Amino acid sequence: MAYERIGYAYGFKGEFGEDEEKSQKAFAKAFELFEKEAETDDGEALHHLAMCYNYGHGVECDIKKSIELLNKAVDAGDDEACYEMALLYSIGTGVEKSDKESFKWYQKAADMGNVDAFYNIGYCYESGTGVQKDLKKAFEWYMKGAQKKHAYSQYKVGICFLNGIGTEKNSDNAFVFLNIAGKKGFKDAARIAQQMLMEDIAEELNKNGFKDDQGKEYKVGTNVHGGFVSDFSRGFILSIKNPKAIDFLKQVGLLNNGRCPLTGLMLSPATTMTYT
């Protein structure tokens, strides 16, 4: 394991090194150390060695040898190697492309506890890739991943709750999962969660008789950048400048120190609540 850890460090240095010559030397050293550790039939070391052959890091690229080592790593109990085999079948690298075989390997990886495989199995069931389409099973696998804090699975669970995919629609649950995924860096999840929250805030203000600065009901609008509108360039805007409305939001717990406590969005009489 010591050789493997050092080898991983050299591999990282090779991958991100700015100097090509130094990177190649680092890869060569990583390969040497992974090869030494793999002699003990350590699954993780076998997996790393296989990827060296796959990408030609420190050794001449040899997909056949890579697959041979991946299979040994799987036999040694490495779930990541199992997941890599699924990916190879999904794109047809070194093997004949087969969605069915890919699904089988994802299933095997999931049985070994690979959380990324949980998500991929969910996708396979949702899209009918390599297996019969089953939205209920898709949701169940996404939820398994979400419960393991897999960010993209959490995003998909939110989408499922939002659109009723494999489960009943539930906007509250959708917001919870989308907000969690959004805070982990998934911009689409954050965008949808912020829009949902803004619409809820607007509805709450309207229900309690508040009007915007033009005397109209509050409504979430779009903030277009550069004249180009798409899911990736469109932001959302909810202008709330009425001091009484601001005080109301504080009272009901939707505003704390100028920010929404759920999302961290700025909201004060001098600013506008926006998400881009």
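For the structure, see preceding data.
A few points on the structure. Please read these numbers as outputs of a predicted model, since none were measured by experiment.

1. Details of the overall build of the protein chain
Broken down by element type, the protein chain carries 12 helices and 3 strands. Burial analysis of the protein chain (276 residues in total) assigns 44% to the buried set. A separation threshold of at least 6 residues defines the contact pool for the protein chain, and within that pool the share at least 24 residues apart is 45%. For the protein chain, the accessible surface area stands at approximately 15200 Å², while carbon and sulfur atoms represent 48% of it.

2. Digging into the pattern of salt bridges
Counted by the stated rule, this structure contains 8 salt bridges. In this structure, Glu68 engages Lys65 in a salt bridge whose closest nitrogen and oxygen atoms are separated by 3.7 Å. Taken together, the residues Glu68 and Lys65, both in helix α4 (residues 63-75) and 3 residues apart, mark about one turn of the helix. Residue Glu68 is classed as partly exposed on the basis of its relative accessible area of 38%. Judged by its relative accessible area of 27%, Lys65 is partly exposed. The partner of Lys72 in a salt bridge is Glu68, and the shortest N-O contact between them spans 3.9 Å. With a gap of 4 residues between them, Lys72 and Glu68 both fall in helix α4, about one helical turn apart.

3. As for the packing of aromatic side chains
The tally for this structure, following the rule as stated, stands at 11 aromatic pairs. Between Tyr119 and Tyr152, the aromatic rings sit 5.0 Å apart at their centres with planes inclined by 80°, giving edge-to-face as the arrangement. Highlighted residues: Tyr119 in helix α7 (residues 115-127) and Tyr152 in helix α9 (residues 151-163), separated in sequence by 33 residues. Taking the relative accessible area as the measure of exposure, Tyr119 reaches 16% and is therefore buried. Ring-pair connections join several aromatic residues into one group, and the members of that group are Tyr119, Tyr142, Tyr152, Tyr155 and Phe186. In this structure, Lys144 is placed above the aromatic ring of Trp141, and the distance from its NZ or CZ to the ring centre is 3.9 Å.

4. Some words on unusual backbone geometry
A positive phi angle is found at Asp41, which is not glycine, with a value near 65°. Its location among the elements puts Asp41 in the loop between α2 (20-38) and α3 (43-55). Phi at Lys149 takes a positive value of approximately 70°, unusual for a residue other than glycine. Take Lys149: its relative accessible area is 65%, and that puts it in the exposed class.

5. Focus: a negative patch on the surface
A cluster of acidic residues, Asp172, Glu199, Asp200 and Glu203, forms a negative patch on the protein surface. Of the residues forming the negative patch, the biggest block, 3 residues, is contributed by helix α11 (residues 187-207). Take Glu199: it is sitting in helix α11. A residue is classified by how much of its surface remains accessible, and Glu199, at 39% relative accessible area, is partly exposed.

6. Details of the packing of helix α5 (residues 79-91) against helix α6 (residues 99-111)
At a minimum axis distance of 8 Å, the contact between α5 and α6 shows a crossing angle of 165°. As far as their axial angle goes, α6 and α5 are roughly antiparallel. Pair α5 / α6 crosses with left-handed handedness. Only Asp99, Glu101, Ser102, Trp105, Tyr106, Lys108 and Ala109 of α6 make contact with α5, whose side of the interface consists of Asp79, Cys82, Tyr83, Met85, Ala86, Leu87, Tyr89 and Ser90. Of the residues that constitute the contact of α5 with α6, the class distribution is 9 nonpolar, 2 polar and 4 charged.

7. With respect to the packing of α3 against α4
One way to put it is that α3 packs onto α4 with a least axis distance of 8 Å and a crossing angle of 165°. In this view, α3 runs roughly antiparallel relative to α4, as classed from their interaxial angle. Viewed along their axes, α3 and α4 form a crossing whose handedness is left-handed. When α3 is examined against α4, the residues Gly43, Leu46, His47, Leu49, Ala50, Met51, Tyr53 and Asn54 are found in contact with a partner set consisting of Ile63, Lys65, Ser66, Leu69, Leu70, Lys72 and Ala73. Here the residues of the contact of α3 with α4 are counted per class, giving 9 nonpolar, 4 polar and 2 charged.

8. As for the side chain of Gln154
Tracing the backbone shows Gln154 in helix α9. Setting aside residues no more than four positions away along its own chain, Gln154 makes contact with Ala146, Lys149, Phe177, Ile180, Ala181 and Lys184.

Basis of the calculations
- Here, residues in each chain are numbered from 1, in the same order as that chain's written sequence.
- The predicted origin of the model limits local features to residues at a pLDDT of at least 70 and limits the giving and counting of side-chain atom pairs to 80 or more, whereas totals for whole chains, interfaces and linings rest on all residues.
- Excluded from the side-chain calculations are hydrogens and water; all other atoms, namely the structure's heavy atoms, are used.
- Numbering of helices and strands starts at the N terminus; helices are DSSP runs of H or I of at least 4 residues and strands are runs of E of at least 2.
- Residue exposure (1.4 Å probe, protein chains only): buried if accessible area is under 20% of the type maximum, exposed if over 50%, otherwise partly exposed.
- It only takes one pair of heavy atoms within 4.5 Å for two residues to be counted as in contact.
- All accessibility values rest on the Shrake-Rupley procedure with a 1.4 Å probe; residue burial counts only the protein chains present in the view.
- Here, a salt bridge means any Lys or Arg side-chain nitrogen found within 4 Å of an Asp or Glu carboxyl oxygen.
- Each pair of aromatic rings taken from Phe, Tyr and Trp, with Trp reduced to its six-membered ring, is defined by centres within 6.5 Å and is described as stacked if the planes are under 30 degrees apart, edge-to-face if over 60, and tilted in the remaining cases.
- When the NZ atom of lysine or the CZ atom of arginine is within 6 Å of a ring's centre and also within 35 degrees of its normal, the charge is said to sit over that ring.
- Patch rule: a residue counts if its relative accessible area is over 30% and it has no salt bridge; like charges are joined within 9 Å, and nonpolar side chains (Val, Leu, Ile, Met, Phe, Trp, Tyr) within 5 Å.
- The positive count covers Lys and Arg only, the negative count covers Asp and Glu only, and His and the chain ends enter neither.
- Charge positions come from single atoms, namely NZ of Lys, CZ of Arg, CG of Asp or CD of Glu.
- As a rule, the C-alpha atoms of each element are fitted with a line to give its axis, helices using only the stretch in contact, and angles between N-to-C directions run from 0 to 180 degrees.
- Oblique is the label for every angle not falling under 35 degrees (roughly parallel), over 145 degrees (roughly antiparallel), or within 65 to 115 degrees (roughly perpendicular).
- Crossing handedness follows the turn of the near helix against the far one: under a right angle anticlockwise gives a left-handed crossing, and clockwise gives a right-handed one.
- When residue character is reported, Ala, Val, Leu, Ile, Met, Phe, Trp, Tyr, Cys and Pro are called nonpolar, Asp, Glu, Lys and Arg charged, and the others, Gly included, polar.

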